[in-house]
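# Architecture at a glance
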Amino acid sequence: MEKDLKKQLDMIKMGTEDILVYDELEDIIAGSIKNNKPLKVKLGLDPTAPDIHLGHTVVLNKLRAFQDLGHKAILIIGDYTARIGDPSGRSSLRPKLSPAIIDENAETYMKQAFKILDPEKTELVKNSEWLQPLNFEDILGLTARFTVARMLERDDFKKRFKNNISIAIMEFLYPIMQAYDSVAIEADIELGGTDQRFNLLMGRELQKDMGQRPQIAITMPILVGTDGKDKMSKSLGNYIGVDEAPAETFGKIMSIPDDVMLDYFKLLTRLDYLEIEDIGRDMESGKLNPSLAKRRLAKIIIGYLHSEDDA
C-alpha cells in the first residue's frame with residue numbers, strides 16, 4: 001500500500017502549484033487505496049468562448065492523471081455559471097452571453113476536452129441541473145453563509161474596491177455558485193488554475209459548513225506561451241490551439257525555448273515523473289539534444305490531440 005500511495009502522490013504533485021491541504025490529500029488517497037473506493041475529482045469549465053488552447057488543457061491533463069490512477073473524473077460544464085462569467089482577474093463585469101451561445105460553446109468544449117480525457121471514465125454534467133432549480137430562499141440561505149469582508153479578500157475584488165471600480169452584486173454570486181457545485185456532487189478534490197484559488201477554497205468552506213468533508217483544492221500553474229515569456233493567450237499570438245492542424249502544432253512546439261520544455265512535459269503529457277526527470281538530466285548533461293526532446297514532446301502532444309498516425 002505504501003508503494004501505491006507514494007506513486008499516486010508523486011503523480012498528483014507533479015506540475016502542481018499548490019495543494020490545499022496536503023496532509024488531508026495523503027489521508028484521503030490512503031483511504032481510497034485501502035477501501036478500493038475512487039475519489040470524486042471535480043473540474044469546472046465555463047463555456048464562455050468557442051474553443052480552447054493548450055494552456056486550457058493543463059488542468060484537463062491533471063484530471064486525466066487522476067483517471068489513469070483509477071479515480072472518478074467529474075467534468076462540470078458551467079452552463080449556468082457562464083451566465084455571470086468568472087470575475088477572476090477581471091477589472092469589469094463580463095459581457096452577458098445568451099443561453100444559445102453558451103450551449104453552442106459547450107458542444108465545442110466537450111469535443112475538445114475529450115481529446116485529453118477518457119470519455120468512458122468521465123462523468124459529464126451541467127451545473128444548470130442543480131443551480132437552475134434553486135429558489136430565492138435557497139439563494140438567500142447560501143449568501144448568508146458568506147460575508148462581504150470575505151468576498152473582498154479576493155484579490156481582484158479587493159483591487160477594484162480600492163480603486164473605486166464598480167463590482168456588481170451578481171459577481172459576488174459567482175464563487176458561491178461554484179462552491180455549491182462542489183456540494184452538489186460531493187467533490188473530494190477540485191482542480192483549477194492558480195487564478196481559481198479563492199473559488200476552490202470557497203468550495204471547501206461551503207462543504208464544511210453544510211456537513212460534508214471539505215474538498216482538497218489543487219491549483220495548476222499558468223502555461224507559458226510559445227514565446228517562453230508570457231501566459232499562453234490568443235490575444236498575444238503565443239498559443240497552440242487544440243484544433244490546429246498537426247503540422248502547425250509541430251512547428252509551434254519546435255519553436256518553444258528549450259528552458260520551458262520541461263514544464264510542457266510536466267503539464268501537457270502523461271509521462272511518468274521519473275521519466276521527465278531523466279529527460280531533464282540528459283539534456284543538462286548533453287546526453288540528449290534538446291531538439292530531439294522537443295520532437296518527442298511534439299509527437300506526444302499531437303498523438304493526444306489527433307492520432308498516432310498524425311504524430
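This text follows the structure it describes.
Below: a short report on this structure.

## Quick word on the layout of surface pockets
Of the voids in this model, the second largest pocket is the one considered here, and its volume is about 260 Å³. Those elements that provide at least two residues to the lining of the second largest pocket are helix H6 (136-143) and helix H9 (169-185). Grouping the amino acids of the lining of the second largest pocket by side-chain chemistry returns 10 nonpolar, two polar and two charged.

## Structural notes on the environment of Gln 178
With respect to the secondary-structure elements, Gln 178 resides in helix H9. The exposure class of Gln 178 is buried, given its relative accessible area of 8%. With 47 residues separating them in the primary sequence, Gln 178 and Leu 131 have C-alpha atoms 9.7 Å apart. Excluding anything up to four places from it in sequence, Gln 178 contacts Lys 42, Thr 81, Glu 190, Gln 196, Asn 199 and Leu 200. At a separation of 3.1 Å, a polar atom in the side chain of Gln 178 contacts the side chain of Glu 190.

## Regarding empty space enclosed by the protein
Going through the model one piece at a time under the given rule, you end up with one cavity of 30 Å³ or more. Size it by volume and the largest cavity reaches roughly 40 Å³. Surrounding the largest cavity, Leu 54, Thr 57, Asn 61, Ile 116, Leu 268, Ile 301, Tyr 304 and Leu 305 form its lining. Mapped onto the lining of the largest cavity, the elements with two or more residues apiece are helix H3 (57-68) and helix H14 (290-305). Residues belonging to the lining of the largest cavity are distributed by class as follows: six nonpolar, two polar and no charged.

## A word on unusual backbone geometry
Looking along the chain, the bond that leaves Leu 20 and enters Val 21 is cis, with omega of 15°. Within the fold, Val 21 resides in the loop between strand E1 (18-20) and helix H2 (22-35). Look at Asn 36: it is not a glycine, yet its phi comes out positive at around 55°. At Asn 164, a position not held by glycine, the phi torsion is positive, near 60°. Given a relative accessible area of 72%, Asn 164 falls into the exposed group.

Rules behind the numbers
Residues numbered from 1 in each chain as written. Predicted model: local features only at pLDDT ≥ 70, side-chain atom pairs only at ≥ 80, totals over all residues. Heavy atoms only, no water. 1 Å grid on protein atoms, 1.4 Å probe; cavity = no way out; pocket = protein on both sides within 12 Å on 5 of 7 lines; lining within 4 Å. Points joined across faces, edges and corners; volume = space filled by probe spheres on them. Helix = DSSP H or I, 4+ residues; strand = E, 2+ residues; numbered from the N terminus. Nonpolar A, V, L, I, M, F, W, Y, C, P; charged D, E, K, R; others polar. Buried < 20%, exposed > 50% of the residue type's maximum accessible area, 1.4 Å probe, protein only. Contact = heavy atoms within 4.5 Å. Polar contact = N/O pair within 3.5 Å; in protein donor to acceptor, adjacent residues only side chain to side chain.

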